[in-house]
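Here is what each chain is made of, one letter per residue.
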Amino acid sequence: MACAEERGVVIRRVAFRESDCTLDMQDLARQINARTKVVAVGYASNAVGTINDVKEVVRLAHAAGALAYIDAVHYAPHGPIDVRALDCDFLVCSSYKFFGPHMGVLYGKRDT
């Protein structure tokens, strides 16, 4: 099976701010363009405890016509998540992080 790059997919990585270990939102905005299909980011970091501005990530993705995929595995046990307020297209987490079984949870916004 061919890897993503062999299929013509371009994967971009966004810089992070070393001062607080959050995404560099200016770099993210520069990376997103009309050809961007999906923007995938982590809601929070388990290693350093930072929380990214995922609402702004979703806004930037949607402004370019892209889908927004939020990995909330490290945020879910620490704060409420309102997928409607975030307006994300997909949000994932794992229930074992909040004392549930080892299984994944996927929210997908229904196209209405």
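Small disclaimer: the values here were computed from a predicted structure and weren't measured.

Scoring rules and cut-offs
- Residues numbered from 1 in each chain as written.
- Predicted model: local features only at pLDDT ≥ 70, side-chain atom pairs only at ≥ 80, totals over all residues.
- Heavy atoms only, no water.
- Core = buried A, V, L, I, M, F, W, Y, C linked by side-chain atoms within 4.5 Å.
- Buried < 20%, exposed > 50% of the residue type's maximum accessible area, 1.4 Å probe, protein only.
- Helix = DSSP H or I, 4+ residues; strand = E, 2+ residues; numbered from the N terminus.
- Contact = heavy atoms within 4.5 Å.
- Polar contact = N/O pair within 3.5 Å; in protein donor to acceptor, adjacent residues only side chain to side chain.
- Phe/Tyr/Trp six-rings, centres within 6.5 Å; stacked < 30°, edge-to-face > 60°.
- Patch = residues over 30% accessible without salt bridge, like charges linked within 9 Å, V, L, I, M, F, W, Y side chains within 5 Å.
- Areas by Shrake-Rupley, 256 points an atom, 1.4 Å probe, with all protein chains shown as cover.
- Salt bridge = Lys/Arg side-chain N within 4 Å of Asp/Glu carboxyl O.

Chemist: So what exactly am I meant to see when it comes to the nonpolar core here?
Modeler: Nonpolar side chains tend to gather and get buried jointly when the protein is soluble and globular. Core analysis: the largest hydrophobic core is formed by 21 residues, its most contacted members being V39, V41, Y43, I70, C88 and L91. Counting residues per element, the ones that place at least two in this core are β3 (38-42), α2 (54-63), β4 (67-71) and α3 (83-86). Tallying contributions element by element places α2 first for this core, with five residues. For V41, the residues in contact, after removing those within four places along its chain, are L23, V54, V57, Y69, I70 and D71.

Chemist: It is not clear to me how the side chain of S94 should be interpreted in this structure. Could you clarify?
Modeler: Looking at the element boundaries, S94 is found in strand β5 (residues 90-94). A distance of 3.1 Å separates the side chain of S94 from the backbone oxygen of M103, its partner in a polar contact. If near-sequence neighbours (up to four positions away) are discounted, S94 is found in contact with V73, M103 and G104.

Chemist: It is not clear to me how the packing of aromatic side chains should be interpreted in this structure. Could you clarify?
Modeler: The description of an aromatic ring pair rests on the distance of the ring centres and on the angle between the ring planes. Following the criterion strictly, the structure yields two aromatic pairs and no others. Here the aromatic rings of Y43 and Y75 are separated by 3.9 Å at their centres, their planes lie at 0 degrees, and the arrangement is stacked. With a gap of 32 residues between them, Y43 in the loop between β3 and α2 and Y75 in the loop between β4 and α3 connect regions that are remote in the sequence. Each member of the pair Y43 and Y75 is classed as buried.

Chemist: Quick question: what am I supposed to make of unusual backbone geometry here?
Modeler: What you tend to see is this: most non-glycine residues have negative phi, and most peptide bonds are trans. The backbone of C21 shows a phi angle near 60 degrees, a positive value even though the residue is not glycine. Relative to the elements of secondary structure, C21 occurs in the loop between β1 (16-17) and β2 (22-23). The backbone of D87 sits at a positive phi, close to 65 degrees, despite the residue not being glycine. On the accessibility criterion, D87 (34% relative accessible area) is partly exposed.

Chemist: Would you mind going over the environment of I81 with me for this structure?
Modeler: For I81, the location among the structural elements is in the loop between β4 and α3. Between the alpha carbons of I81 and L91 there is a distance of 9.5 Å; along the sequence they are ten residues apart. I81 has contacts with Y43, A72, Y75, A76, L86 and L91, leaving out every residue within four places of it along the chain.

Chemist: What should I look at first to understand a nonpolar patch on the surface in this one?
Modeler: A cluster of nonpolar side chains, namely V38, L67, Y69, F90 and L106, defines an oily patch on the protein surface of about 430 Å² accessible area. Relative to the elements of secondary structure, Y69 occurs in strand β4.

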